[in-house]
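Chain by chain, the residues run as shown.
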Amino acid sequence: MRVALASFEFEGNTLSSQVHRRAEFARKVLAEGDDILPAIEGRDLAVAGAWEALRKEGLDVVPVLVAHGGSGGIVEGAFYRETFDKIVAGVLSQPVDGVFLALHGAMICEGENDPEGALIAALREVLGPGVPIAASLDLHAHVTPRMADNADILVGYETYPHIDAYGTGRRAAELLAATMHGRIRPVTRLKRIDALLPVAGGSTNGTAPMAEVRRLARLAESGGRALSASYFPVQPWLDIDDLGIAGVAVSDGDEDAADAVAKEMVLAMWDRRRDFEIPCRSPDDAIREAVRRPGRVLISDAPDCVGGGAPGDAPAVLAALLHAGLEVEAAVLVVDPDVAARAFALGIGQLIRVNVGSALDPRFHPPAEVDGVVESLHDGRFTYSGGISAGTPGNMGPTAVIRAGKLRVVVPTYATYEYGDEQYRAAGVDIGDCRIAVLKNPMNFRTLLDERTSWIMVGGAGPTTPDLASIEWRVKKRPFWPCDDQDNPVFMEPRRDN
Ligand SMILES: [Zn+2]
């Protein structure tokens, strides 16, 4: 038996001005046919986990296309349609008995707010009801009824920080194989509540509210009520009308059980909704507090999270660091293609006076004036050490390090998803030697914490602002949590016992 395998992964953000086209995908993962295996082998991607599981089950894999674009605003309509058509044509190019898709689940395209639902529905239409379709999803997926109705199996990441893309691909593929071998008859159900949750409070570790949801999911599975239980606190920076936190369950032929477990997942998030809030400070306040503290302090520049779709070019924390006149070693990273090019043109050791930041999205902050020396220049290439991209190459393009007193400003050409400190290392900066280091994410910086390191989160405006109530929602209708205080959940799927 044959399984068609494809991926089309991208996390959208309607507050971001960034448009991702072929070039942005090509800098991450983009391959077709025979080029797919070399592009994914040995990497912790969901498609790689799926391929491994399908082969173990004795199934022939038909690789169609893999595309991983990271995060940004929207995907260009032409590239989306081209990729969509190639996946559908590739799946139809020979008879297949199953389809595996690795999706993020929160992609947004020009002209389409539910691109994954459109893709799964198109495949269902051409394949008919007899060919099972399984998809792996990011924990922040925007799962829609169209996705749940047309897929046989949907499985989301278990972890945030995400470390289980490979394992999620494997789990979804194992269920697909069991379906194809006739061992199970999967039924997938979705339950959503019209609410959003702050991403920064969504860790699945320790005593965080999502850790409890995670335990409940594993209990539902080990207790035999579901083959798979997933929870989706959702990518919240999508101003679209059909957005809410979700639970998804796959059962073996038992619709009621799938409904009940999906509902349990989403209600578990709703019940702890007040515990997701993380206190934030202004950039100036954060630097003052960091200087006061002993040990190393990581500053999370939450409103400019590249992994959430922001351009990584916000100079707000850089400006505060310059303003503070630091007497301790510090490092900050701000994407700015023009400044990187200028530093390369000048060369190492040369004086440089430039406006840094807000080059890609000028709406939120003025640039910061940096007066310093070009300390080093780099090609910006690195390999991810962990997370959903472990083993995958990263490319932030020509990257300059400008020293201004005790501060080193790392200036890449392109924004890249942050897992740990790969970007700093690629620029020759060891943030272990810094008293203050700025990371542009609200969660993954925690992978760098140790006993001598504390952290402070910065709030404010930006495409990934942690303050969801501060967003001017134009499309998504109020009232909804957390913009409005609500005592009772409003379910979005008007089915059964909701
Ligand atoms: Zn995610």
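The following refers to the structure shown.

Conventions we followed
Residues numbered from 1 in each chain as written. Predicted model: local features only at pLDDT ≥ 70, side-chain atom pairs only at ≥ 80, totals over all residues. Heavy atoms only, no water. Helix = DSSP H or I, 4+ residues; strand = E, 2+ residues; numbered from the N terminus. Rg over C-alpha atoms; globule rule 2.2 N^0.38 Å. Buried < 20%, exposed > 50% of the residue type's maximum accessible area, 1.4 Å probe, protein only. Contact = heavy atoms within 4.5 Å. Areas by Shrake-Rupley, 256 points an atom, 1.4 Å probe, with all protein chains shown as cover. Donors = N, O, S within 2.8 Å, 3.2 Å for Na, K, Ca; no water. Axes fitted to C-alpha atoms, helices over the stretch in contact; angles between N-to-C directions. Parallel < 35°, antiparallel > 145°, perpendicular 65-115°, else oblique. Left-handed = near helix turned anticlockwise from the far one by under 90°. Nonpolar A, V, L, I, M, F, W, Y, C, P; charged D, E, K, R; others polar. Pairing = 2+ DSSP bridges. Salt bridge = Lys/Arg side-chain N within 4 Å of Asp/Glu carboxyl O.

**Remarks on the overall build of the protein chain**
The helix and strand tally for the protein chain stands at 13 helices and 21 strands. In terms of overall dimensions, the protein chain is globule-like: its C-alpha atoms have a radius of gyration of 22 Å, near the 23 Å expected for 498 residues. Its C-alpha atoms give the protein chain principal-axis dimensions of roughly 70 × 55 × 40 Å. For the protein chain, the residues scored as buried account for 63% of the 498 residues in total. Pairs at least 24 residues apart make up 74% of the contacts formed inside the protein chain by residues separated by at least 6 positions. Put simply, the protein chain shows about 18000 Å² of open surface, and 49% of that area lies on carbon and sulfur atoms.

**Some remarks on the coordination of the zinc ion**
Only Asp138 (OD), His140 (ND1) and His162 (NE2) from the protein coordinate the zinc ion, and they sit 2.1 to 2.2 Å from it. All donors of the zinc ion belong to a single chain; written as a sequence motif, their spacing is D-x1-H-x21-H. Taken together, the residues span a long stretch of sequence, with Asp138 in the loop between β7 (133–137) and α6 (145–150) and His162 in the loop between β8 (153–156) and α7 (165–180) at a distance of 24 residues. The class of Asp138 is buried, set by a relative accessible area of 3%. Overall, His162 belongs to the buried group, its relative accessible area being 4%.

**Structural notes on the packing of helix α4 (residues 77–92) against helix α5 (residues 115–127)**
Contact pair α4 / α5: the axes reach a minimum separation of 11 Å and the direction vectors enclose 30°. Accordingly, the angle class assigned to the pair α4 and α5 is roughly parallel. Of the two possible hands of crossing, α4 and α5 adopt the one that is right-handed. The segment α4 lies against α5, with Tyr80, Phe84, Ile87, Val88, Val91 and Leu92 engaging Pro115, Ala118, Leu119, Ala122, Leu123, Val126 and Leu127. Residues belonging to the contact of α4 with α5 are distributed by class as follows: 13 nonpolar, no polar and no charged.

**Re the pairing of strand β12 (residues 296–301)**
Burial analysis of β12 places six of its six residues in the buried class, the great majority of the element. Of the two faces of β12, the one carrying Arg296, Leu298 and Ser300 and the one carrying Val297, Ile299 and Asp301 are both buried. When β12 meets strand β21 (residues 453–458), the two strands line up parallel, connected through six bridges. Counted as the bridge partner of Asp301 is Val458 from β21. Relative to strand β20 (residues 436–439), β12 runs parallel, the two sharing four bridges. Bridging across to β20, Val297 finds its partner in Ile436.

**Describing the pattern of salt bridges**
Between side chains of opposite charge, pairing is possible as soon as their charged atoms come close. Counted according to the given criterion, the structure contains 38 salt bridges. For the salt bridge of Asp194 with Lys476, the shortest nitrogen-to-oxygen distance reads 2.4 Å. Here Asp194, found in the loop between β9 (186–193) and α8 (209–222), pairs with Lys476, found in the segment after β21; they are 282 residues apart in sequence, far enough to count as distant. Here the two residues Asp194 and Lys476 agree in accessibility, since each one is buried. Between Asp304 and Lys440 there is a salt bridge whose closest N-O contact spans 2.8 Å. Placement of the pair is Asp304 in the loop between β12 and α11 (316–324) and Lys440 in the loop between β20 and β21, with a sequence separation of 136 residues. Of the two residues examined, Asp304 and Lys440, each falls in the buried class. Three or more residues joined by partner-sharing salt bridges are found here, namely Glu158, Arg171, Arg214, Arg218 and Glu221.

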